[in-house]
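# Results of the structural survey
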Amino acid sequence: MGLKVYLDGRFVEKNEAVVSVFDHGLLYGDGVFEGIRSYNGLVFKLEEHLGRLFESARTLMLEIPLSKKELEKTVLETLKVNALKDAYIRLVVTRGIGDLGLDPRKCLKATLFIIADKITLYPKEYYEKGLVLATVPTVRNHPEALNPQLKTLNYLNNILAKIEATNAGVNEAILLNAQGYVTECTGENIFFVKGKSVWTPPPYVGILKGITREAVMGLAEASGLAVREDVFTRHELYTADEVFLTGTAAEIVPVVKIDNRLIGTGRPGPVTLKLMKAFKKLTLKEGTR
Ligand code: PMP
């Protein structure tokens, strides 16, 4: 029995889970998505992910064919049908089938699919030794061009940055905005620790408001750290005690080198390690089933 994918109202086998070449998700990247995780049968922050999906769709004037409640049920059903407890869930809504022009009014019905599969974890050494990062030439999308707060199928800004990081021989890219302020990485938010403060950029610099970011800000506050959501430059990263990234797939991952500058001791720091533990605990405690 193979993987079953939810596609427009029914579960189909993996090899039958196909969309039309006229789908505007493919032709124009016109659509939205979420990446969600379940831990031991508990879906982490499902409501928040669905909230963000509907907000992205609202701005794009894309009508999601199911209600939030129905979508929640369908996500849980997709896990059940595949007997998955620890999974990565990809929920995608595209503008649907249209003609070769880009007018979304010609697309009569959105395409909706949900894939739940085993998670491919990041290599263990990323967490033990930390990541090496570099700032890249590609700047993050200007919020008035394509706001990074929208989680859309247009990821070319991030993909270009990823290519540049790979070419530079590092694990991940840091994107700055047009003013030179630090925004985020290609699929993770960024934090730094200095003394008893934890800093992360505010949404208006041009970031995705990560759901892991939000959870980690809460955990940092609960552990007595001052959380500061404010703009900063590369200099603050180079001179930080610790740097780490957050995301649904990565969770919390330490950073030990940026643009050839060692961060702190050059090894994952105590605050990062403490937050990693607290986050793990949270994922096993909280969630929707
Ligand atoms: N920034 C970008 C550009 C992302 O794609 C993601 C992950 N999808 C994140 C940040 C992290 O967000 P979250 O914690 O909600 O997964």
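To continue, consider the site of the ligand. As a matter of local geometry, the ligand sits amid 17 residues, with K151, Y155, E184, T212 and T248 nearest to it. In the model, an oxygen atom of the ligand is placed 2.9 Å from a nitrogen or oxygen of the R52 side chain. At 2.4 Å from a nitrogen atom of the ligand is found a side-chain nitrogen or oxygen belonging to K151. Protein burial of the ligand: of its 390 Å² of free accessible surface, 93% is covered by the chains. Most atoms of the ligand, that is more than half of them, are within 2 Å of grid points of the largest pocket. If you list the elements that add at least two residues to the shell around the ligand, you get α6 (211–222) and β13 (242–247). Broken down by class, the residue content of the shell around the ligand amounts to 3 nonpolar, 9 polar and 5 charged.

Let us now look at empty space enclosed by the protein. Within this structure, the stated rule accounts for 2 cavities of 30 Å³ or more. Along the walls of the largest cavity sit R140, N141, L146, N147, P148, L150, K151, T152, N154, Y155, N158 and L208, which together make up its complete lining. Approximately 50 Å³ is the volume attributed to the second largest cavity. Forming the walls of the second largest cavity are R37, Y39, F44, H49, T212, G247, T248, E251 and F279. Of the residues that constitute the lining of the second largest cavity, the class distribution is 3 nonpolar, 4 polar and 2 charged. Residues lining the lining of the second largest cavity come from more than one domain, with at least three contributed by each of domain 1 (4–117) and domain 2 (124–285).

The subject of this paragraph is the layout of surface pockets. For the largest pocket, the calculated volume is near 870 Å³. Lining the largest pocket we find 40 residues, and of these Y88, R90, K151, G187 and A249 sit closest to its centre. Of all the secondary structure elements, the ones that give two or more residues to the lining of the largest pocket are β3 (31–39), β5 (87–94), α5 (156–167), α6 and β13. Tallied by class, the residues present in the lining of the largest pocket amount to 16 nonpolar, 13 polar and 11 charged. Its boundaries defined by the atoms lining it, the second largest pocket holds a volume of some 400 Å³. What lines the second largest pocket is a set of 18 residues, and nearest its centre among them are R52, E55, S56, Q149 and K209. Looking at the lining of the second largest pocket, the elements that each hand over two or more residues are α2 (46–59) and α6. Per element, the largest residue contribution to the lining of the second largest pocket is 6 residues, and it comes from α2.

With 4 bridges joining them, strand β1 (residues 4–7) and strand β2 (residues 10–13) adopt antiparallel strand pairing. Looking at the pairing, V5 lines up with V12 of β2. Connecting β1 to the next strand, β2, in antiparallel fashion are 2 residues, including D8 with a positive phi near 45 degrees.

Looking now at the packing of aromatic side chains. Aromatic ring pairs are defined here through the distance separating the ring centres and the angle between the ring planes. Counted by the stated rule, this structure contains 8 aromatic pairs. Each ring, one from F44 and one from F279, has its centre 5.4 Å from the other, and the planes form 80 degrees; the classification is edge-to-face. Of this pair, F44 sits in the loop between β4 (42–43) and α2 while F279 sits in helix α8 (residues 270–285), placing them 235 residues apart in sequence. The exposure classification of F44 matches that of F279, with both residues buried. An angle of 90 degrees between the planes, with centres 6.1 Å apart, marks the rings of Y122 and Y126 as edge-to-face. For Y122, a relative accessible area of 26% translates into the label partly exposed. Through a chain of ring-to-ring contacts, the aromatic side chains of Y39, F44 and F279 assemble into a single cluster. Lying across the ring of Y238, R261 places its NZ or CZ 4.1 Å from the centre.

Here the focus is the sheet that holds β2. Spatially, 6 strands are ordered β2-β1-β6-β5-β3-β4 in an open sheet, and the strand pairing comes out antiparallel. Two strands in the sheet have a free side with no partner beyond their single neighbour: β2 and β4. Pairing of β5 with strand β6 (residues 111–117), which is carried by 7 bridges, proceeds in the antiparallel orientation. Bridge pairing in β6 links V92 to F113. Packing against the sheet, α2 makes contact with β3, β4 and β5, and its axis sits at approximately 175 degrees to β3.

The next point concerns the domain arrangement of the protein. Along its sequence, the protein is organised into domain 1 (4–117) and domain 2 (124–285). Of note, the centres of domain 1 and domain 2, computed from C-alpha atoms alone, are 26 Å apart. The interface of domain 1 with domain 2 comprises 24 residues on the first partner and 21 residues on the second. Of the roughly 1800 Å² buried between domain 1 and domain 2 on both sides combined, carbon and sulfur atoms contribute 68%. Where domain 1 touches domain 2, the interface holds 1 salt bridge. Here E251 makes a salt bridge to R37, at a shortest N to O gap of 3.5 Å. Element by element, the count of residues in the side of domain 1 that touches domain 2 is highest for β3, at 8 residues.

Definitions and cut-offs
Residues numbered from 1 in each chain as written. Predicted model: local features only at pLDDT ≥ 70, side-chain atom pairs only at ≥ 80, totals over all residues. Heavy atoms only, no water. Near = heavy atom within 4 Å. Polar contact = N/O pair within 3.5 Å; in protein donor to acceptor, adjacent residues only side chain to side chain. Areas by Shrake-Rupley, 256 points an atom, 1.4 Å probe, with all protein chains shown as cover. 1 Å grid on protein atoms, 1.4 Å probe; cavity = no way out; pocket = protein on both sides within 12 Å on 5 of 7 lines; lining within 4 Å. Sits in = over half its atoms within 2 Å of the grid points. Helix = DSSP H or I, 4+ residues; strand = E, 2+ residues; numbered from the N terminus. Nonpolar A, V, L, I, M, F, W, Y, C, P; charged D, E, K, R; others polar. Points joined across faces, edges and corners; volume = space filled by probe spheres on them. Domains from an automatic or database assignment. Pairing = 2+ DSSP bridges. Phe/Tyr/Trp six-rings, centres within 6.5 Å; stacked < 30°, edge-to-face > 60°. Buried < 20%, exposed > 50% of the residue type's maximum accessible area, 1.4 Å probe, protein only. Lys NZ or Arg CZ within 6 Å of the ring centre and 35° of its normal. Contact = heavy atoms within 4.5 Å. Axes fitted to C-alpha atoms, helices over the stretch in contact; angles between N-to-C directions. Buried area = accessible area lost by both parts, 1.4 Å probe. Salt bridge = Lys/Arg side-chain N within 4 Å of Asp/Glu carboxyl O.

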